[in-house]
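Coordinate analysis (summary)
Letter by letter, the chains look like this.
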Amino acid sequence: MPTILIDRKEGYAVLTLNRPESLNALNPEMMTELCAALRMLEDDAACSAIVLTGAGRGFCAGLDLKLLSQPEGIAALDISGANDIHEAFQRFSKPVIMAVNGIAATGGFELALMGDILLGCENTRFADTHARVGIAPGWGLSQKLARIIGPSRAKEAHYTGNFISAQQASDWGLMSRLVAADRLLVEAEKIASDIHEADRRIVGVVKQMVDQGLAVGLKEGLTIEQALMAQANKSVRGEHVEQRRLAVQARGRNQVN
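As a starting point, this report considers the structure included with it. Computed from a predicted model, the values in this text were never measured in an experiment.

**Observations regarding the pairing of strand β2 (residues 12-17)**
Among the 6 residues of β2, 6 are classified as buried, and the element is accordingly described as predominantly covered. Here strand β1 (residues 4-9) runs beside β2; their pairing, made up of 6 bridges, is antiparallel. Across the sheet, residue Asp7 finds its bridge partner in β2, namely Val14. Count of turn residues in the β1/β2 antiparallel hairpin: 2 residues, of which Gly11 carries a positive phi of about 95°. Pairing between β2 and strand β3 (residues 49-54): 6 bridges, direction parallel.

So, in structure tokens, the structure goes:
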């Protein structure tokens, strides 16, 4: 049975982590399949965005601790090369919506933060248990979390391993929004569909602007924005802007929250 389910929709794809019996803990097979899916969808011209969620009651419990408990330890998981999901998401140029349907712990917490947009529900909970397991994080959690929720909250989460509830995550800006559990995937897919209707080239440019800018200070980020803007706008034509302007006006008249 595949550990990653791929459901292709019009303009986007839904990926489901499929090891529900282990709260979708990451084993080598799952990491290999996830990286392969990202490479395939990167090259798929019909796919504008992806949604990632988990089967069952968990989003992702992190690295499979049963494998980590073997004598060879973390080497048993082989998280480099074709299994390096952190690098695979960094290379993926299209928007990623994380529909965090349940527990996202340790490596699963890191996986959630690899997305561009996070949605959660009342079942969503985050926890960083690296310090309790005795393994240091290496997929960006120590750098990203403090930038999102502030260093004091982040350090408390890192040091204690305590859960962050769905409401706390929403209040702290860790997630884009909190929705009912039975609406989570619907809302995530709606975002993916809306992205598909936008100018994909500019969506990709803005993703670069935000991601590259977050890695540097404001002054350097503004320089990155100007450089990417100048390159992107070279090919803009008046007739294309007019078509888009009319479409934006029509959508604005009809859009409801």
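Now that the structure has been shown, we can carry on.
**Comments concerning unusual backbone geometry**
Despite not being glycine, Asn24 shows a phi value in the positive range, around 60°. Secondary-structure assignment places Asn24 in the loop between β2 and α1 (28-42). Positive phi values are uncommon outside glycine, yet Thr106 reaches one of about 55°. With respect to the helices and strands, the residue Thr106 is situated in the loop between β6 (103-105) and α4 (107-112). By relative accessible area, Thr106 is classed as buried at 12%.

**Here's the deal with the environment of His196**
Looking at the element boundaries, His196 is found in helix α9 (residues 184-197). For His196, a relative accessible area of 29% puts it in the partly exposed group. When the C-alpha atoms of His196 and Ala46 are compared, they prove to be 9.2 Å apart, with 150 residues separating the residues in sequence. Setting aside anything within four residues of it in sequence, one finds His196 in contact with Glu10, Gly11, Ala46 and Ser48.

Calculation notes
- Residues numbered from 1 in each chain as written.
- Predicted model: local features only at pLDDT ≥ 70, side-chain atom pairs only at ≥ 80, totals over all residues.
- Heavy atoms only, no water.
- Buried < 20%, exposed > 50% of the residue type's maximum accessible area, 1.4 Å probe, protein only.
- Helix = DSSP H or I, 4+ residues; strand = E, 2+ residues; numbered from the N terminus.
- Pairing = 2+ DSSP bridges.
- Contact = heavy atoms within 4.5 Å.

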